[in-house]
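# Inside the fold
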Amino acid sequence: MIIKVRVIPRARQNKITVDADGTVRVHTVSAPADGQANEAVVKMLAKYYDVPKTSIKIIRGQTCRDKVIEI
């Protein structure tokens, strides 16, 4: 499954919401430095979709807020 994700780093709390167009918004308290936000996103999506973290791969957008993720 391929999903579009919009990451909001340095949010007040960790949460996941889904927009009407299917875009998943991941709010994380982690900073976007040294890949911390990406690690937090992978961990949160793994818990949300109930899959292991190793099955989640960032296809596009490693260094930007808009990402394409394969589960």
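Just above sits the structure.
Our subject in this report is the structure included herewith. By convention here, each chain's residues receive numbers from 1 onward along its written sequence. Reporting in this predicted model follows two pLDDT cut-offs: at least 70 for local features of residues, and 80 or more for side-chain atom pairs to be given and counted; totals over whole chains, interfaces and linings ignore these cut-offs and use all residues. To obtain the side-chain values, all non-hydrogen atoms of the structure were used and water was disregarded.

## Notes on the sheet that holds strand E2 (residues 15-18)
Pairing is mixed in the open sheet, where five strands are placed in the order E2-E3-E1-E5-E4. In the strand order of this sheet, the two ends are held by E2 and strand E4 (57-60), each with one partner. Between one strand axis and the next, the sheet turns through 35° on average, direction left out of account. By this definition, two strands are paired if DSSP reports at least two bridges between them. Put simply, DSSP H or I for four residues or longer makes a helix, DSSP E for two residues or longer makes a strand, and each gets a number counted from the N terminus. Relative to strand E5 (residues 66-70), E4 runs antiparallel, the two being bridged by three bridges. Counted as the bridge partner of Ile 58 is Ile 69 from E5. For this analysis, residues touch if any pair of their heavy atoms sits within 4.5 Å. Every angle, taken between N-to-C directions, lies between 0 and 180 degrees, and every axis is a line fitted to C-alpha atoms, over only the stretch in contact when it is a helix. The strands touched by helix H1 (residues 36-49) are strand E1 (2-8), E2, strand E3 (24-27), E4 and E5; relative to E3, the strand with the most contacts, the crossing angle is about 120°.

## Section: the pattern of salt bridges
We define a salt bridge as a side-chain nitrogen of Lys or Arg found within 4 Å of a carboxyl oxygen belonging to Asp or Glu. By the definition in use, this model includes two salt bridges. Salt-bridge contacts for Arg 6 lead to Asp 66; the nearest nitrogen and oxygen are separated by 3.0 Å. Taken together, the residues span a long stretch of sequence, with Arg 6 in strand E1 and Asp 66 in strand E5 at a distance of 60 residues. Note on Asp 66: relative accessible area 46%, which makes it partly exposed. Burial classes: relative accessible area under 20% of the type maximum marks a residue as buried, over 50% as exposed, and values in between as partly exposed (1.4 Å probe, protein chains only).

## Considerations on the environment of Thr 17
Its location among the elements puts Thr 17 in strand E2. Separated by 13 residues in the primary sequence, Thr 17 and Ser 30 have C-alpha atoms spaced 17 Å apart. If sequence neighbours within four positions are ignored, Thr 17 has contacts with Thr 23, Val 24, Arg 25 and His 27.

## Focus: the side chain of His 27
Positionally, His 27 belongs in strand E3. In contact with His 27, not counting residues within four places along its chain, are Ile 8, Ala 11, Gln 13, Asn 14, Lys 15, Thr 17 and Met 44.

## Details of unusual backbone geometry
Backbone geometry follows two general trends: most residues other than glycine have a negative phi, and most peptide bonds adopt the trans configuration. The backbone of Arg 10 sits at a positive phi, close to 55°, despite the residue not being glycine. Position of Arg 10 among the secondary structure elements: in the loop between E1 and E2. Here Asp 50, not a glycine, exhibits a phi torsion of approximately 55°, which is positive. With respect to the element layout, Asp 50 can be found in the loop between H1 and E4. Overall, the relative accessible area of 71% leaves Asp 50 in the exposed class.

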